[in-house]
Every structure is written in structure tokens, then in C-alpha cells.
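# Structural description and commentary
One-letter residues, chain by chain:
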Amino acid sequence: MDNYPVTVIFGGGGFIGRYLTRVLTKKNHRLIIPTRKPFQKVYLKTQAPPGHIELIDFNLGNFSAMKEAIENADYVINLCGILFENRKQKFSKIHSDIPDIISKLCAKNGVDKFIHLSAIGANKDSKSLYLHNLLSFNDEK
């Protein structure tokens, strides 16, 4: 198992993440899934042989866990996203700041590939509500 690629999936417990988890473990990837509530994501471990999935406790204020997860990774995938802002979760932090930090850690640690999946839209003319909320939030600053 030491020769299997190590893939870190931020947002691995979400809608897309749980399907991606199954696909990657069938291709013999070892997965590290940082999540805010690992005890609620234990169901992911049933999708892979024992030892292929490691859930680690991660919150947006604990960047040391993010750094540790990425240090020995071959691949990093970011699926984190929010539908609505609230007191604790802001569009700019989740959709901009976090991917920026992850990409810098990937570059620093020589990660082979960083994949970022975004739901906010790729251009200013997108009909995505995520993007419009993000742009209006940035305009207010």
C-alpha cells in the first residue's frame, strides 16, 4: 500500500466527494480527507478497503492540519464550496482564500497535480448566484 498514490480531497464528504472517493479507491489511491466533523463522515470508510481512507479533523482556522495533509500528497483536490454565506462561512474565504492557500502549499510541497472544482462560475457574465454574491461582496469592501 506504500506504493499507492496519496490523494487529499478537501470537501471529500460532500456530494461530489463521496463519489470521487469511491472512484479513486477503486484505482488504489490512498485518501486523506480533511473534514470539520470526521465522526460524521465515517461512512466514507465503507467505500474502500481498510486503511485506504484517513479522515482528519480540519477547520478553516487550523491551517497546520491542511499543511500536514498536503505534505506527502501526490494529488490534491479541492471540492469545498458553500451555497450561502453565514456568520462563520463567507464566500471570499471558501471560494477564494482557501483555494489560494491550498495551491501555495501544493507548490511548496511538490504536489504532482492540484485540481480545484468551483461552483461559482468562471466569468463575470455567469448566471451563477454564487458568483454574483461573491462579486457584490468584493465590491462592498
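Read on for an overview of the structure. (Residues numbered from 1 in each chain as written. Predicted model: local features only at pLDDT ≥ 70, side-chain atom pairs only at ≥ 80, totals over all residues. Heavy atoms only, no water.)

Structurally, the position occupied by Thr25 is in helix α1 (residues 15-26). For Thr25, the side chain forms a polar contact with the main-chain oxygen of Thr21, separated by 3.0 Å. Leaving out residues up to four positions away in the same chain, Thr25 has contacts with Leu31, Gln47, Ala48, His52 and Ile53. (Helix = DSSP H or I, 4+ residues; strand = E, 2+ residues; numbered from the N terminus. Polar contact = N/O pair within 3.5 Å; in protein donor to acceptor, adjacent residues only side chain to side chain. Contact = heavy atoms within 4.5 Å.)

A few words now on a positive patch on the surface. Together, Arg36, Lys37, Arg87 and Lys88 line one region of the surface with positive charge. Mapped onto the elements, Lys88 comes out in the loop between β4 (75-78) and α3 (91-108). (Patch = residues over 30% accessible without salt bridge, like charges linked within 9 Å, V, L, I, M, F, W, Y side chains within 5 Å. Areas by Shrake-Rupley, 256 points an atom, 1.4 Å probe, with all protein chains shown as cover. Salt bridge = Lys/Arg side-chain N within 4 Å of Asp/Glu carboxyl O. Lys, Arg positive; Asp, Glu negative; His and termini not counted. Charge placed at Lys NZ, Arg CZ, Asp CG, Glu CD.)

So, about the sheet that holds strand β3 (residues 53-57). Taken in spatial order, the five strands line up as β3-β2-β1-β4-β5 in an open sheet, and their pairing is parallel. Of all the strands in the sheet, the pair left with one neighbour each is β3 and β5 (113-116). Shown here is a sheet whose adjacent strand axes are inclined to one another by a mean of 15°, direction ignored. Bridge count for β4 against β5 is four bridges, and the pairing is parallel. Its bridge partner being in β5, Ile77 is matched across the sheet by Ile115. Running at roughly 170° to β5, α3 makes contact with β1 (6-10), β4 and β5 of the sheet. (Pairing = 2+ DSSP bridges. Axes fitted to C-alpha atoms, helices over the stretch in contact; angles between N-to-C directions.)

What follows concerns a nonpolar patch on the surface. A grouping of Phe15, Ile16, Tyr19 and Leu117 is seen on the molecular surface, where their side chains present a nonpolar patch of about 440 Å² in accessible area. Residue placement: Tyr19 occurs in helix α1.

Our next topic: the packing of aromatic side chains. Centre-to-centre distance and the angle between the planes together describe a pair of aromatic rings. In this structure the tally under the stated criterion is two aromatic pairs. Relative to Phe58, the ring of Phe10 lies with its centre 5.6 Å away and its plane at 70°, an arrangement referred to as edge-to-face. In this pair, Phe10 sits in strand β1 while Phe58 sits in the loop between β3 and α2 (63-71), placing the two residues 48 residues apart along the sequence. Taking the relative accessible area as the measure of exposure, Phe10 reaches 1% and is therefore buried. Residue classification places Phe58 among the buried residues on the basis of a relative accessible area of 5%. A centroid spacing of 5.7 Å and a plane angle of 70° characterise the contact between Phe15 and Tyr19, whose relative ring orientation is edge-to-face. Separated by four residues within a single helix, Phe15 and Tyr19 lie in helix α1, roughly one turn from each other. Owing to a relative accessible area of 60%, Phe15 belongs among the exposed residues under this scheme. (Phe/Tyr/Trp six-rings, centres within 6.5 Å; stacked < 30°, edge-to-face > 60°. Buried < 20%, exposed > 50% of the residue type's maximum accessible area, 1.4 Å probe, protein only.)

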